[in-house]
Amino acid sequence: MRSENRPALFAWALYDWAGAPFTTLALTFVLPVYFAQAVVGDATTGQELWSAAVAVSGIAIAIASPVMGVFADVGGRGKAWLLVATMVCIAATTAFWFVGPSPRNAGLAMLLIAIGNFAYVSGVVFNNAALPTLASRERMGRWSGWAWGFGYIGGLAALLLFLLLFALDVAPVRIAGPLAAVWFALFSWPRFVWTPDRPPLREAGLRAGLEALRSSFVELLRRRDVLRFLVANMLYADALVAIFTVGGIYAAGAIGMSLPEVTRFAVALNVAAGAGAFAFSWLDDRIGPRRTILLSLAGLLTSGAAAVLATGRLSFWIAGCALGFFVGPAQSASRSFVARIAPQGRETEYFGLFALSGKATAFIGPVVVAVSTWLSGSQRVGLASLLVLIAAGASMLWRVDEAEAMNAGRS
């Protein structure tokens with residue numbers, strides 16, 4: 001096992017902690033509910049519009065992430081790309097303060113969440129790509145799981161801070177945007193100070209970058225198991241994106257939770273998700289990421305079905321927390337899988353393809369929810385449609401030969 005730079009790895013993992021409030025406060029639990037209830041004024045319409053905004057950002061990510069990944073690998077300066085993405089996300093989230101409780105601000109809110117989500121996911125691509133260069137192959141699963149656990153704890157801490165501010169009535173609900181932005185800025189700086197940047201592979205240029213991108217897609221046609229994994233990730237990642245995008249709105253509209261109740265539910269969900277990410281991190285290194293993901297998807301199908309069928313608060317809380325427990329391992333082990341199969345020196349490129357597989361059709365999950373909700377007039381039917389995507393992803397992942405994919409990456 002090669003030696004590890006522990007301070008650099010800690011700074012890398014801390015980035016998950018720093019960015020977590022964007023997903024918990026801005027993307028999932030607080031601002032979506034505020035958008036639906038206070039800005040739009042209708043839970044069902046709010047779910048449709050919020051899903052549409054996230055879908056648009058997903059399309060943009062699908063187009064841009066492979067290109068950014070290749071150019072970062074070829075020309076280096078991954079930290080510079082990461083810094084720009086982080087600053088754009090911070091700016092967009094801060095600007096949510098200007099989204100007042102009026103329908104005329106719906107367009108501004110959708111624009112800001114689309115820009116913020118694009119920048120956040122782009123930053124995640126560059127941060128994820130550093131894992132294989134920092135951690136030993138034998139401990140990638142652990143570091144990925146620990147970082148994901150830190151992220152859930154960071155989201156939990158930010159939610160608790162928001163609850164305190166909200167309970168004291170010292171600021172309106174939209175303070176969640178600037179709060180997430182300040183948190184991101186405050187805790188992301190070690191990533192840029194303690195973690196080394198990788199030198200460029202060769203001189204960066206438009207021709208070199210595009211040629212590398214073309215070669216990557218040609219290579220995927222030969223690496224069938226990698227391609228199957230990316231398709232599987234595309235399917236179940238779509239579902240997870242949609243679940244977390246509309247989770248708060250669903251809890252408020254279908255279950256009847258108030259905003260403080262939704263926030264407390266989010267706290268419990270993050271506790272469960274963090275516990276799952278930490279618990280399964282050891283399993284990832286022991287049995288491999290593929291089996292870890294399959295176990296997580298089985299748990300997601302079971303708990304997701306229970307959440308859809310739940311009619312009371314208690315049953316929904318239990319099912320939701322069980323679902324949260326399996327979300328973290330599925331995401332963390334997927335990151336670990338890519339880190340293990342990426343050829344040396346092409347990590348950002350492969351994580352760009354990973355983001356493509358998670359975002360190229362990321363709009364499908366929210367669109368499926370939006371269309372199903374619109375056709376049925378039921379939030380419950382909209383959420384239930386996502387279980388089909390999870391099952392399809394698990395079926396495709398079952399066909400992946402993990403050893404073959406990893407051996408091809410090493411060679």
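Residues numbered from 1 in each chain as written. Predicted model: local features only at pLDDT ≥ 70, side-chain atom pairs only at ≥ 80, totals over all residues. Heavy atoms only, no water.

**Points about the overall build of the protein**
Within the protein one finds 18 helices and 0 strands. Considering the protein as a whole, with its 411 residues, one finds that 61% of them fall into the buried category. Long-range contacts, defined as pairs at least 24 residues apart, comprise 86% of the intrachain contacts of the protein with a sequence gap of at least 6. If you sum the accessible surface of the protein, you get close to 15,500 Å²; carbon and sulfur atoms cover 69% of it. (Helix = DSSP H or I, 4+ residues; strand = E, 2+ residues; numbered from the N terminus. Buried < 20%, exposed > 50% of the residue type's maximum accessible area, 1.4 Å probe, protein only. Contact = heavy atoms within 4.5 Å. Areas by Shrake-Rupley, 256 points an atom, 1.4 Å probe, with all protein chains shown as cover.)

**Quick notes on empty space enclosed by the protein**
The full count for this structure, using the stated rule, is 4 cavities of 30 Å³ or more. Quantified by volume, the second largest cavity comes out at close to 210 Å³. Along the wall of the second largest cavity there are 17 residues; nearest its centre are Ile 243, Gly 247, Phe 316, Leu 323 and Leu 383. Going through the elements one at a time, α1 (6–29), α10 (224–253), α11 (259–287), α12 (289–309), α13 (313–341) and α17 (386–397) are the ones with two or more residues in the lining of the second largest cavity. Sort the elements by how many residues they give to the lining of the second largest cavity and α10 lands first, with 4 residues. (1 Å grid on protein atoms, 1.4 Å probe; cavity = no way out; pocket = protein on both sides within 12 Å on 5 of 7 lines; lining within 4 Å. Points joined across faces, edges and corners; volume = space filled by probe spheres on them.)

**A look at the side chain of Thr 28**
Relative to the assigned elements, Thr 28 resides in helix α1. A residue is classified by how much of its surface remains accessible, and Thr 28, at 2% relative accessible area, is buried. Among the polar contacts made by the side chain of Thr 28, one reaches the main-chain carbonyl oxygen of Thr 23 at a distance of 2.6 Å. (Polar contact = N/O pair within 3.5 Å; in protein donor to acceptor, adjacent residues only side chain to side chain.)

**Concerning the nonpolar core**
Grouped together as the largest cluster of nonpolar side chains are 129 residues, with contacts concentrated most on Leu 25, Phe 229 and Phe 316. In this structure Phe 316 touches Tyr 250, Ala 251, Ile 255, Met 257, Phe 265, Ala 307 and Ala 310, once residues within four positions along its chain are discounted. (Core = buried A, V, L, I, M, F, W, Y, C linked by side-chain atoms within 4.5 Å.)

**A look at α1**
A rise of 1.5 Å per residue sets the reference length of α1, with its 24 residues, at 34 Å; its end C-alpha atoms lie 33 Å apart and thus fit the reference within 8%. Between the side-chain oxygen at the start of α1 and the backbone nitrogen of Ala 8 there is a gap of 3.2 Å, and the oxygen is on Asn 5. (Expected span 1.5 Å × (residues − 1).)

**Points about the packing of aromatic side chains**
Inspection of the entire model under this criterion finds 22 aromatic pairs. Ring geometry for Trp 17 against Phe 187: centres 5.7 Å apart, planes inclined by 80°, an arrangement best described as edge-to-face. Taken together, the positions of Trp 17 in helix α1 and Phe 187 in helix α8 (residues 176–194) put the pair 170 residues apart, joining distant regions of the chain. The class of Phe 187 is partly exposed, set by a relative accessible area of 24%. Centre to centre, the rings of Phe 229 and Phe 337 are 4.3 Å apart; their planes meet at 20°, and the pair counts as stacked. In this pair, Phe 229 is assigned in helix α10 and Phe 337 in helix α13, connecting sequence segments 108 residues apart. Accessibility expressed as a relative area gives 0% for Phe 229, which makes it buried. A relative accessible area of 0% places Phe 337 in the buried class. Taking the ring centre of Trp 97 as reference, the NZ or CZ of Arg 174 above it sits at 4.8 Å. Looking at Arg 290, its charged tip hangs above the ring of Trp 398, at a distance of 5.8 Å from the centre. (Phe/Tyr/Trp six-rings, centres within 6.5 Å; stacked < 30°, edge-to-face > 60°. Lys NZ or Arg CZ within 6 Å of the ring centre and 35° of its normal.)

**As for helix α2 (residues 31–40)**
Burial analysis of α2 places 7 of its 10 residues in the buried class, which makes it a mostly covered element. Every buried residue of α2 is accounted for by Leu 31, Pro 32, Val 33, Tyr 34, Phe 35, Ala 36 and Val 39. Following α2 by one or two positions, Gly 41 adopts a phi angle in the positive range, close to 90°.

**Re the packing of α2 against helix α5 (residues 106–128)**
Two numbers describe how α2 lies on α5: the axes approach to 10 Å, and their chain directions differ by 165°. As the angle between them shows, α2 and α5 are arranged roughly antiparallel. Helix-helix and strand crossings are classified by hand; for α2 and α5 the assignment is right-handed. Listed contacts from α5 to Phe 35, Val 39 and Val 40 of α2 are Ala 106, Ala 109 and Met 110. Per-class residue counts for the contact of α2 with α5 are 6 nonpolar, no polar and no charged. (Axes fitted to C-alpha atoms, helices over the stretch in contact; angles between N-to-C directions. Parallel < 35°, antiparallel > 145°, perpendicular 65-115°, else oblique. Left-handed = near helix turned anticlockwise from the far one by under 90°. Nonpolar A, V, L, I, M, F, W, Y, C, P; charged D, E, K, R; others polar.)

**With respect to the pattern of salt bridges**
For the coordinates displayed, the defined rule picks out 6 salt bridges. Residue Arg 340 is joined to Asp 284 by a salt bridge in which the shortest nitrogen-to-oxygen separation is 3.5 Å. Note that Arg 340 is positioned in helix α13 and Asp 284 in helix α11, a separation of 56 residues in sequence. With relative accessibility at 8%, the residue Arg 340 sits in the buried group. Across the pair Arg 340 and Asp 285 runs a salt bridge, and its minimum N-O distance is 2.7 Å. Here the residue Arg 340 occupies a position in helix α13, and Asp 285 occupies one in helix α11, the gap between them amounting to 55 residues. Several salt bridges share partner residues, and in doing so they unite Arg 142, Asp 284, Asp 285 and Arg 340 into one network. (Salt bridge = Lys/Arg side-chain N within 4 Å of Asp/Glu carboxyl O.)

**Brief notes about the environment of Leu 300**
In this structure, Leu 300 sits in helix α12. Classification of Leu 300 as buried rests on a relative accessible area of 1%. C-alpha of Leu 300 to C-alpha of Ala 319: the two residues are 19 residues apart in sequence and 9.8 Å apart in space. The residues contacting Leu 300, other than those within four sequence positions of it, are Leu 240, Leu 323, Phe 326, Val 327, Ala 330 and Ile 390.

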